[in-house]
Amino acid sequence: MSRAAQSANGGAHAPIGLYLHFPFCSARCHYCAFYFVVGRTELRAEYVERLVQEMRRGARDPQYAGRAVHSIYFGGGTPSLLEPGQVRRVIEEARMLFPAKADLEISLESNPDGVETTHLAALRSAGVNRLTIGWQSLRDAHLRALTRTHSAADNLRAYACARDAGFDNVAVDLIFGIPGQTASGWLDELREVAALAPQHVSAYELTFEEGTKLTRRLQEGKVKPPDEGVRAEMFEATDEILGSAGIQRYEISNFARVGFECRHNLEGWRGGDLLGLGASGASHVGNARWTNIAEVDEYMRRIREGRDTVGEIERLDDATWAAEDLYLGLRTVQGIAAESRLQSVGEPARSRLVSSIERAIGQGFLDREHERVFFTRRGRLFADLVFEDLLTGTS
Amino acid sequence: MSRLEHIRNFCIIAHIDHGKSTLADRLLSLTGTLTDAEAQGQVLDDMDLEKERGITIKAHAVRMEYRSPQNGGYVLNLIDTPGHVDFAYEVSRSLAACEGALLIVDASQGVEAQTISNLHLALLNNLTIIPVVNKIDLPGADPDRAAAQIHDLLGGPAEDILRISAKTGLGVDLLIPEMIRRIPPPIGDPQAPLQALIFDSAFDQYRGAVAYVRVVQGTIRKGMTIRFFSNGRDYLVDEVGTLRLKMIPKSELSAGEVGYVIAGVKNIADTKVGDTITDRDRPAPGALPGYVEAKSMVFSGFFPIETEEYENLRDALDRLKLNDSSLHYEPETSTALGFGFRCGFLGLLHREIVQERLEREFNLTLIATVPTVPYHVYLLNGEMQVVESPAMLPDPAEIERIEEPMIHAEIVLPTEYIGNILKIAQERRGVQKKMEYLDPTRVVLEFRFPLGEIIYDFYDKLKSVTKGYASFDYELDGYSPSEMVKLDILLNGERVDALSIIIHKDGAYEWGRHLAEKLKEVIPRQQFQIAIQAAIGSRVIARETISALRKNVTAKCYGGDITRKRKLLERQKEGKKRMKQVGTVRVPQEAFLSVLKIER
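Residues numbered from 1 in each chain as written. Chains lettered and ligands numbered in written order. Predicted model: local features only at pLDDT ≥ 70, side-chain atom pairs only at ≥ 80, totals over all residues. Heavy atoms only, no water.

K.L.:
Describe the interface of chain A and chain B, with residues and values.
P.N.:
A common measure of how large an interface is: the accessible area buried when the components associate. Taken together, the 41 residues of chain A in the interface contact 28 residues of chain B. Looking at the side of chain A facing chain B, the largest losses of area belong to Glu228(A), Asp384(A) and Glu388(A), adding up to 20% of the total buried there. Linking chain A with chain B are eight salt bridges, by the criterion used here. With a shortest N-O distance of 3.7 Å, Glu209(A) and Arg564(B) are connected by a salt bridge. Listed by contribution, the elements that provide at least two residues to the side of chain A that touches chain B are strand 8 (200-205), helix 8 (228-244), helix 9 (263-269), strand 14 (310-315), helix 11 (318-331), helix 14 (377-380) and helix 15 (383-392) of chain A. Considering each element in turn, the side of chain A that touches chain B owes the most residues, seven residues, to helix 15 of chain A. (Contact = heavy atoms within 4.5 Å. Buried area = accessible area lost by both parts, 1.4 Å probe. Salt bridge = Lys/Arg side-chain N within 4 Å of Asp/Glu carboxyl O. Helix = DSSP H or I, 4+ residues; strand = E, 2+ residues; numbered from the N terminus.)

Following this line, the structure appears as structure tokens:
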């Protein structure tokens with residue numbers, strides 16, 4: 001664990017994030033590459049029990065035992081399909097197992113279809129204090145292109161329900177670069193979003209993930225996203241519209257009012273440790289990363305039988321670990337104190353990583369202020385090139 | 001009967017896969033030269049590569065002993081011949097060491113191009129031909145048809161054509177008595193001044209070059225000082241002997257015999273195929289006819305993908321050269337590819353074999369540049385330069401004319417593909433010389449081609465438009481004037497030297513356009529626009545543009561996403577490391593390989 005002490009975020013005794021994956025959806029979206037199952041409602045109650053069981057295991061794991069929790073994140077899938085009682089049970093269990101910080105952030109992802117104020121209010125009283133709503137778009141045509149099952153009107157109604165239910169920290173998720181979308185259309189959507197004044201906006205460019213139906217249609221030439229130039233324009237304009245409404249970019253795809261940044265994710269980008277539970281949950285302690293098996297029945301069976309659920313595990317060497325921390329840190333607007341992060345890396349990798357950063361500064365991708373290095377406005381568009389160059393320096 | 005009456009020197013000539021090696025093995029086991037267990041593999045082909053491709057690259061000789069019920073013991077020297085078009089000269093020298101040849105034709109395939117070209121060589125060397133239809137046991141065999149085709153080529157009584165299956169042994173027992181009956185014994189005077197023909201050589205790391213010889217006149221003995229006619233060098237003979245599956249030392253080899261000579265020759269280049277060995281102290285009045293200095297006819301740059309492998313490449317070439325005197329190389333520097341070697345080969349297959357051996361036996365990864373042929377460039381000042389690489393081509397303003405090497409090609413194919421072949425021939429600037437029917441379904445076409453047009457992808461193309469049924473063979477046929485130009489590729493104005501070629505002016509536009517399109521596909525977008533231009537001198541004949549990369553950023557990056565992204569980038573990393581820099585443009589190795597796949 002001495003190595004973990006070198007991590008960007010304070011190491012083995014720092015608070016951790018708790019991620020709970022709920023892989024159930026009511027329908028399949030053609031662009032989604034996450035692990036999920038459609039329907040299987042009969043499994044959900046048992047799944048929650050297994051999740052709790054795995055959480056108890058995690059709490060006994062020496063890597064996590066005794067560490068405070070700064071955030072709990074219900075991700076999916078569609079965790080808003082959970083009964084409020086189930087959410088409450090998970091939160092209570094977590095609070096018993098891990099010392100919680102007073103301002104514990106508890107986020108839950110929701111889908112707009114069929115959302116009711118009473119349900120949301122119950123989730124809130126169960127402990128959820130940050131609600132994210134998967135809007136994706138405010139245009140019905142785009143929602144159809146994404147094979148979403150809700151309408152733009154459903155989005156607005158869900159947002160109103162969240163407010164009515166008493167949520168004062170509401171985040172909405174948006175996607176740009178959808179086939180058929182124009183730059184001006186995107187800007188109009190953003191203006192409408194800004195007018196509703198959410199605390200947080202995630203704006204993701206549509207990713208054509210390997211193996212999805214959408215990607216197949218792209219390869220078959222049946223759909224065509226806007227040109228790369230248009231998507232770059234969309235990316236940059238998002239800053240301006242949301243920024244002028246007081247919702248500032250704090251990460252490549254995330255915007256928030258000051259103080260409403262998602263702590264769970266922010267700590268992750270700072271290299272903080274994470275306990276990821278549930279089917280396909282990903283964990284991270286120091287230089288170790290592991291992921292649970294994805295298949296939900298197998299996951300539950302293994303928990304039931306007291307067996308290990310890890311599908312893949314990897315321990316990074318110092319240089320790769322540092323490159324990863326640099327990339328994650330650079331994704332945030334604040335950037336990262338690169339030099340101090342690199343202190344624990346041995347030569348010659350350290351020099352290579354330093355020159356990789358200098359190269360990116362020379363290319364105008366990165367800028368520096370005191371010890372912090374961060375992306376320039378232009379450099380943010382080429383973040384992966386910088387990461388690639390950093391990784392090239394690791395071996 | 002004299003000693004010579006009991007010697008028969010012969011070779012087996014056949015098209016690829018018609019069963020030459022199987023028959024050789026069968027003869028070896030029939031004569032007790034090797035046991036059945038040893039006969040498991042095809043003995044004559046000792047390199048893996050040869051076995052895989054079913055071709056023989058280096059010739060060997062084997063001495064067999066046979067006892068005839070009527071006439072006592074015979075010595076049968078089988079001299080193997082290299083099996084490919086590139087080695088026509090080596091084949092002719094092996095044939096010159098023999099008095100007879102078994103002409104093997106596959107009973108289902110019939111006569112092929114190599115059958116004909118080897119037959120021509122054998123007849124030129126005045127060999128007695130014993131025609132043999134092989135593989136008569138196969139279900140698809142049509143021995144009558146194959147025999148009829150042979151009869152059309154050779155004439156003579158139909159019953160002279162033997163029918164065998166080398167694989168099952170059927171008919172092979174009758175072959176040896178027929179060989180003894182029909183092939184004349186060697187003639188020569190053991191007392192005459194020495195003339196020994198080198199028909200092959202190999203390198204032994206402890207003993208130096210081993211020359212495989214046929215003694216034509218006189219006698220070669222251990223302790224004799226010999227002289228090579230081609231270079232006048234003298235060597236003291238350490239050992240002579242005959243070849244079974246290993247070398248068997250003897251005190252001497254005399255006229256009519258076949259064997260080996262070891263004489264402390266350090267460099268295999270001194271034991272030249274076709275050269276004549278004589279006795280320093282009692283030299284023959286002249287060399288045996290037919291010697292030609294082997295010339296490289298195909299040149300290509302070999303560059304290691306990892307620049308650190310340059311030394312290894314040099315060592316590997318040095319090692320191959322020990323056993324392959326026809327391989328030539330000298331250092332070459334490319335601005336795009338760094339340090340490498342300009343290599344000269346006998347032909348295209350020779351080039352492929354060398355590249356494959358370098359990659360397989362020496363674990364190198366190479367980029368080979370577009371092969372080129374040696375051009376004769378006549379300058380206005382009256383000089384003639386031999387140009388072996390595009391970079392060496394003088395300024396067009398100084399050139400009076402360029403001549404290119406030509407070949408005479410024979411293509412044997414089923415008649416239904418004649419149209420396809422004529423079309424390719426026209427595209428490749430071939431001139432049809434002759435068309436002859438072997439039988440109503442098969443035809444021999446003869447062409448004169450520029451060598452430069454067939455040194456790559458011609459053979460593949462030929463096979464593809466004839467569904468694999470065409471066979472092809474060639475020999476060099478002088479030089480002809482031709483309007484050749486140098487075509488350059490420029491990336492943002494920087495010339496990529498490794499992509500330059502010398503090409504006929506009529507083909508330049510197509511080539512340039514295709515290559516520019518191909519490069520557009522394989523060069524990844526960079527943060528600036530990239531102009532790809534194909535140019536002859538300062539005249540741009542094709543242009544493509546790679547637009548600038550506008551963004552490259554992962555949208556979602558949480559938890560397990562980062563690991564996925566990192567792994568993806570790490571997979572790409574190796575490829576990127578190998579990118580070559582041309583000016584500001586990074587060019588992947590595929591770009592240099594894609595040039596070899598240009599359709600035209």
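K.L.:
Give me the lowdown on the packing of aromatic side chains, citing residues and values where you can.
P.N.:
Two measures describe an aromatic ring pair: the distance that separates the ring centres and the angle between the ring planes. Per the stated rule, a full pass over the model turns up 25 aromatic pairs over all chains. Summarising the aromatic geometry, the rings of Phe22(A) and Phe24(A) are spaced 5.0 Å apart at their centres and angled 55° between planes, so their arrangement reads as tilted. As far as the burial class goes, Phe22(A) and Phe24(A) line up, both buried. Ring geometry for Phe365(A) and Phe382(A): centres 5.3 Å apart, planes at 25°, overall stacked. Taken together, the residues Phe365(A) in the loop between helix 13 (349-362) and strand 16 (366-369) and Phe382(A) in the loop between helix 14 and helix 15 connect sequence positions 17 residues apart. Taken individually, Phe365(A) and Phe382(A) each receive the classification buried, so the pair is uniform in this respect. Three or more aromatic residues joined by ring pairs form one cluster here, namely Phe447(B), Phe449(B), Phe458(B), Tyr459(B), Phe472(B) and Tyr474(B). (Phe/Tyr/Trp six-rings, centres within 6.5 Å; stacked < 30°, edge-to-face > 60°. Buried < 20%, exposed > 50% of the residue type's maximum accessible area, 1.4 Å probe, protein only.)

K.L.:
Can you break down the sheet that holds strand 16 of chain A residue by residue, with the values?
P.N.:
All names here are of chain A. Across the sheet, three strands lie side by side as 15-17-16; this open sheet has antiparallel pairing. The sheet is open, and its two borders are formed by strand 15 (336-337) and strand 16, each paired with just one other strand. Relative to strand 17 (residues 372-375), strand 15 runs antiparallel, the two sharing two bridges. Opposite Ile 336, over in strand 17, you have Val 373 as the bridge partner. (Pairing = 2+ DSSP bridges.)

K.L.:
Could you give an account of the domain arrangement of chain A, naming the residues involved and the relevant values?
P.N.:
Residues and elements named next belong to chain A. According to the domain assignment, chain A consists of domain 1 (3-269) and domain 2 (318-392). Its C-alpha centre places domain 1 at a distance of 27 Å from the equivalent point of domain 2. With both chains or domains summed, domain 1 and domain 2 bury close to 1,500 Å², and 59% of this area falls on carbon and sulfur atoms. Run the count over domain 1 and domain 2 and you get three salt bridges. Residue Asp 239 pairs with Arg 380 through a salt bridge whose shortest N-O separation is 3.9 Å. At the boundary of domain 1 with domain 2, the tally comes to five residue pairs in polar contact (both at pLDDT 80 or more). Among the elements of the structure, helix 8, strand 9 (248-251) and helix 9 are those that each provide at least two residues to the side of domain 1 that touches domain 2. Per element, the largest residue contribution to the side of domain 1 that touches domain 2 is five residues, and it comes from helix 8. Counted by class, the side of domain 1 that touches domain 2 contains eight nonpolar, four polar and six charged residues. (Domains from an automatic or database assignment. Polar contact = N/O pair within 3.5 Å; in protein donor to acceptor, adjacent residues only side chain to side chain. Nonpolar A, V, L, I, M, F, W, Y, C, P; charged D, E, K, R; others polar.)

K.L.:
How would you explain the sheet that holds strand 10 (residues 225-228) of chain B if you had to name every residue and give the values?
P.N.:
Residue and element names in this part refer to chain B. What the eight strands build is an open sheet, ordered 11-10-16-7-8-15-12-13; its pairing is antiparallel. Strand pairing shows two members of the sheet lacking a second neighbour, strand 11 (234-236) and strand 13 (247-250), which therefore form its edges. Taken over all neighbouring pairs, the strand axes of this sheet differ in orientation by 40° on average, direction set aside. When strand 7 (residues 195-204) meets strand 8 (residues 208-217), the two strands line up antiparallel, connected through nine bridges. Each bridged residue has a counterpart across the sheet, and for Ala 196 the counterpart in strand 8 is Val 215. (Axes fitted to C-alpha atoms, helices over the stretch in contact; angles between N-to-C directions.)

K.L.:
Can you explain unusual backbone geometry? Please cite residues and give values.
P.N.:
A cis amide bond links Gly76(A) with the next residue in sequence, Gly77(A), at an omega value of 15°. In this structure, Gly77(A) sits in the loop between strand 4 (69-76) and helix 2 (84-97). Even without glycine at this site, Lys135(B) takes up a positive phi of about 65°. Looking at where Lys135(B) falls in the secondary structure, it is placed in the loop between strand 5 (128-134) and helix 5 (143-154). Taking relative accessible area as the criterion, Lys135(B) reaches 22% and is therefore assigned partly exposed. Even without glycine at this site, Arg429(B) takes up a positive phi of about 60°.

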